[in-house]
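# Secondary and tertiary structure notes
Residue-level listing of the chains:
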Amino acid sequence: MNLKPLADRVIIKMVEAEETTKSGIILTGAAKEKPEVAEVIAVGPGGMVDGKEVVMTVKVGDKVITSKYSGAQVKVDGEEYTIVRQGDILAIVE
Amino acid sequence: MNLKPLADRVIIKMVEAEETTKSGIILTGAAKEKPEVAEVIAVGPGGMVDGKEVVMTVKVGDKVITSKYSGAQVKVDGEEYTIVRQGDILAIVE
Amino acid sequence: MNLKPLADRVIIKMVEAEETTKSGIILTGAAKEKPEVAEVIAVGPGGMVDGKEVVMTVKVGDKVITSKYSGAQVKVDGEEYTIVRQGDILAIVE
Amino acid sequence: MNLKPLADRVIIKMVEAEETTKSGIILTGAAKEKPEVAEVIAVGPGGMVDGKEVVMTVKVGDKVITSKYSGAQVKVDGEEYTIVRQGDILAIVE
Amino acid sequence: MNLKPLADRVIIKMVEAEETTKSGIILTGAAKEKPEVAEVIAVGPGGMVDGKEVVMTVKVGDKVITSKYSGAQVKVDGEEYTIVRQGDILAIVE
Amino acid sequence: MNLKPLADRVIIKMVEAEETTKSGIILTGAAKEKPEVAEVIAVGPGGMVDGKEVVMTVKVGDKVITSKYSGAQVKVDGEEYTIVRQGDILAIVE
Amino acid sequence: MNLKPLADRVIIKMVEAEETTKSGIILTGAAKEKPEVAEVIAVGPGGMVDGKEVVMTVKVGDKVITSKYSGAQVKVDGEEYTIVRQGDILAIVE
C-alpha cells in the first residue's frame, strides 16, 4: 500500500459484503445503500488542521463506520480505497 | 453491543412505541413523524472536537430527545441505532 | 414535568390565547401566525456551548418572546412544549 | 412598556410618518418601502453574545436607522415594536 | 448633516456625474452601472465589531471606491447617502 | 495613478494580450476566458483585516495570477484596473 | 518553470496517463473522470493564512492525490498546471 494521508485524513477500505454479514452490521437509511463498515488502512499525522490541533485516535486495522457520502474514492493497484477526514468517522466497531 | 463512538458522538436507540406511550412523550411537528425519545447506548470520550473542548454530559441509560433528522442510522446484530453528536440532544427525560 | 434541557436550551410552553389577550401582546408578521409569548418551564445549565461560555439569564416562570419558527416541539403528558436555545429568546415580558 | 430585551437586542418603535417627514429622512431602495427611522424603546444588557463581548452604545430615546428587513415585529398593548440586534442599527439620527 | 454611524460604518455620498468625469474614474462591470466614487461624510467610531477590533482608516472628505451593491441607501433632507461598513471600501482616490 | 487600496487589497492591471503571449502563460478553464496575468499597481497596507493580521507579500511591479472572477473592476483615466484581496492572488510569475 | 505560489498554495502537474497506469492508481467516482495523481512542481511558503499558521508538508517532486475539482488551471509555456491549497491534497503516493 503506497498512499500516505496528509493532516487529519484517514484511508479506509470498505469491508467485503461477506465480512459485513459476519459482523452483523448493516447501515440503513432513506435509500438502501451499501454498508459503510470499513477498515483503516493508513492514518495521517494529525497536528494543526485549519488552525486547530487534531489528535488522531483511530489506528490502522480499526473497523470503523463513517458518514455516508463522505470521502474521496481512489483505486490503487486494483483495490478501491476511500480517503476521509477523521472527523467523518462516527464509531469504531469492536 | 460493539460500537464505540468517537469524539462527541453518542449512540442512541429509539425507544419502542409501547415505552413511548408509557412515558407519555410524543414529538409533534409539521409532519407526524416517529417519536424521537431514545435511550443512550454508548457515549464518546468528548475532548477536543473541531478545536473546542467538549465535555460529555449524557450517560449510558439516559432517555433523551434529539433534534429530528439528526444522526446516522446503523443496524448492529439486527438492532437499529442512531449516532448523533451530543449537541443534537435537546433534553433528558427524567 | 420531566424534561431536563441540555446546554443552553430552554423549554418553554406557549401561553394560552386567553392569557395572550390579557397581557395584550400579539406577534404580527407577513403571515398571521400564532402568538409567540411563552412561559419558561425549564432552563439548561449553560456552560461551554460550541466552545463559548453561555450564562443562562432566563429563569423558570419568565414570560418570553422567541424568534418565530425557532425550536423543536415536543408533547409531554398531553402538553406541548418547545425547546429553544436561549439565544432564540428575544425579550422577557414583565 | 413591559418588554425587556435580552443580550444585544434593542426594542425600537417606528417613528410615525409625520415625524419622518419633519426630520426629513426617508429611506429609498429598489422597492419603495416604509421609512426605517425608529426610536429606541429598550436596550438589552449586552455582555457576552455568541462568545463575543458586546457593549451597548445606543440608549433609550435615540432615533436610529436600521437595516431593512432586520428584526422581529411584536405588538404590545396595541403598539407595534421591532426587536433588532444592536449590530443591525446603522446610524443614530441627531 | 445629522447621521452618526455606529461601529465600523461609514456614511458616503455618491459624487455627482460631473465630478466623476472630472476625476476620470468610471467603474465598469458586467452591467453598466452608476459610478461608485463617493465622498466620506461621516465615520463610525470603530472599536469591537463582531468581536474584532476595527480601527477606522478612512476620514471625512476622503473620495472612496466601494464594492458595488454594498450598503444601505438613506435620504436625509433631500440628499441621498449610503451607509457601508469600512470593509466594503476598496480604495481611496487621491 | 491615484488609487490607494485599503487593508489587504491590491490593485492590479491585466497584462496586454501581446505580453501574455510573450510570457507564454494562458489561463485555461471550462470557458475560454481572458488570461488573468496581471501586474501589481498598488498594494494596501495590510494589518488587521477581519480580526486577522495580514502581511502583504506582493509588491508593485509583480506579475501575478489571480483567481478568476475575483475582484472589482474600475476605470481610472481610461485605464482598467482590478482590485483584489491579496488572498485572491495565487502565484507570482517570475 | 516560473510560477511562485503564494501562502499555502501548491502548483501541481497532472501525471500523464502512461505514468498513471504504471503506478496503478486510478481515481473512481460517480462519473469516470480523469485520474488526479499529480506531481508537485512548486510549494508556497506557508505561514499565516486566514489568521492560521500553515506549515507546508508537501515538497517538490511528491506525487499527490487531490480533491477533484479543486484548484485553478493555468498554462505556462504550453504546459498545464493546477494551483491548489495544500489542504486540498489528500495523500502522498509513495
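All values derive from a computational prediction rather than experimental measurement.

Here is what the cut-offs are and how they apply
Residues numbered from 1 in each chain as written. Chains lettered and ligands numbered in written order. Predicted model: local features only at pLDDT ≥ 70, side-chain atom pairs only at ≥ 80, totals over all residues. Heavy atoms only, no water. Helix = DSSP H or I, 4+ residues; strand = E, 2+ residues; numbered from the N terminus. Buried < 20%, exposed > 50% of the residue type's maximum accessible area, 1.4 Å probe, protein only. Areas by Shrake-Rupley, 256 points an atom, 1.4 Å probe, with all protein chains shown as cover. Contact = heavy atoms within 4.5 Å. Buried area = accessible area lost by both parts, 1.4 Å probe. Salt bridge = Lys/Arg side-chain N within 4 Å of Asp/Glu carboxyl O. Polar contact = N/O pair within 3.5 Å; in protein donor to acceptor, adjacent residues only side chain to side chain. Pairing = 2+ DSSP bridges. Patch = residues over 30% accessible without salt bridge, like charges linked within 9 Å, V, L, I, M, F, W, Y side chains within 5 Å. Lys, Arg positive; Asp, Glu negative; His and termini not counted. Charge placed at Lys NZ, Arg CZ, Asp CG, Glu CD. pLDDT = per-residue confidence, 0-100.

## Thoughts on the overall build of chain A
Across its full length, chain A holds one helix and ten strands. Across chain A, helices and strands are ordered from the amino to the carboxyl terminus as β-β-α-β-β-β-β-β-β-β-β. For chain A, buried positions account for 46% of its 94 residues. Entry remark: accessible area of chain A is about 4,600 Å², with carbon and sulfur atoms responsible for 52%.

## Some thoughts on the interface of chain E and chain F
Contact with chain E, which involves 17 residues of that partner, is made by 18 residues of chain F. The contact between chain E and chain F buries some 1,500 Å² in all, and 57% of this surface belongs to carbon and sulfur atoms. At the junction of chain E with chain F, the criterion picks out one salt bridge. A salt bridge links E:E94 to F:K4, with the shortest nitrogen-to-oxygen separation between them at 3.8 Å. At the boundary of chain E with chain F, the tally comes to five residue pairs in polar contact (both at pLDDT 80 or more). For the side of chain E that touches chain F, the elements supplying multiple residues, two or more each, are β3 (25-26) and β10 (89-93) of chain E.

## Observations concerning the pairing of strand β8 (residues 72-76) of chain E
Within a regular beta strand, the side chains point alternately toward one face of the sheet and then the other, so they alternate between its two faces. All names here are of chain E. Where β8 lies against strand β9 (residues 79-85), five bridges are found, and the strand directions are antiparallel. Across the sheet, residue V74 finds its bridge partner in β9, namely Y81. Hairpin geometry of β8 and β9 is characterised by an intervening segment of two residues between the two adjacent antiparallel strands and by a positive phi of about 50 degrees at D77.

## Quick notes on a positive patch on the surface
Positive charge collects at one region of the surface, where A:K52, B:K52, C:K52, D:K52, E:K52, F:K52 and G:K52 lie side by side. For B:K52, the position within the fold is in strand β6 (residues 52-54). Here B:K52 falls in the partly exposed class, since its relative accessible area comes to 34%.

## Focus: the interface of chain B and chain A
Taken together, the contact between chain B and chain A spans 18 residues of the former and 18 residues of the latter. Together chain B and chain A conceal approximately 1,500 Å² of surface at their shared face, both sides included; 57% is due to carbon and sulfur atoms. Of all residues in chain B, the largest losses of buried area upon contact with chain A belong to B:N2, B:K4 and B:L6, amounting jointly to 34% of the total for that side. At the surface where chain B touches chain A, the tally comes to one salt bridge.

## Describing the pattern of salt bridges
All names here are of chain D. Applying the stated criterion across every chain, the model contains 28 salt bridges over all chains. A salt bridge links K59 to D62, with the nearest nitrogen and oxygen atoms 3.3 Å apart. The class of K59 is exposed, set by a relative accessible area of 54%. Owing to a relative accessible area of 9%, D62 belongs among the buried residues under this scheme.

## Describing the side chain of F:Q86
All names here are of chain F. If you trace the backbone, Q86 turns up in the loop between β9 (79-85) and β10 (89-93). Residue classification places Q86 among the buried residues on the basis of a relative accessible area of 10%. Not counting the four nearest positions on each side in its chain, Q86 is found in contact with D8, V10, V54, V55, M56, T57 and V58.

## Describing the environment of C:V49
Residue and element names in this part refer to chain C. Within the secondary structure layout, V49 lies in strand β5 (residues 47-49). When the C-alpha atoms of V49 and S67 are compared, they prove to be 20 Å apart, with 18 residues separating the residues in sequence. Not counting residues within four places of it along the chain, the set of residues in contact with V49 comprises A7, D8, V54 and R85.

## Re the side chain of F:R9
Tracing the backbone through its elements, the reader meets F:R9 in strand β2 (residues 9-14). Buried F:R9, no salt bridge; nearest opposite-charge side chain is F:D8, N-O distance 4.9 Å. Engagement of the side chain of F:R9 in a polar contact is seen with the backbone oxygen of E:G87, the distance being 2.8 Å. Apart from the residues lying within four places of it in its own chain, the contact partners of F:R9 are E:G87, E:I89, E:L90, F:V43, F:G44, F:M56, F:I83, F:V84 and F:R85.

## With respect to the environment of D:S67
All names here are of chain D. Within the element layout of this structure, S67 appears in the loop between β7 (63-66) and β8 (72-76). Owing to a relative accessible area of 22%, S67 belongs among the partly exposed residues under this scheme. Measuring from C-alpha to C-alpha, the distance between S67 and G87 comes to 9.2 Å, with 20 residues separating the pair along the chain.

## Description of the environment of E:A42
The residue E:A42 is located in strand β4 (residues 37-43) in this model. Ignoring any residue separated from it by four or fewer positions in sequence, one finds E:A42 in contact with E:L3, E:P5, E:V10, E:I11 and E:V60.

## Some remarks on the pairing of β9(E)
The sheet contact formed by strand β2 (residues 9-14) of chain E and β9(E) spans four bridges and is antiparallel. Paired with E:V10 across the strands is E:V84, a residue of β9(E).

## Section: unusual backbone geometry
At C:A7, a residue that is not glycine, the phi angle is positive and equals roughly 55 degrees. Its place among the elements puts C:A7 in the loop between β1 (3-5) and β2 (9-14).

## Remarks on the confidence of the model for chain A
When pLDDT drops low, the exact placement of atoms in the prediction is not to be read closely. This prediction gives chain A a mean pLDDT of 82; 77% of its residues lie at or above 70. The complex prediction reports pTM at 0.81, with the ipTM value standing at 0.78.

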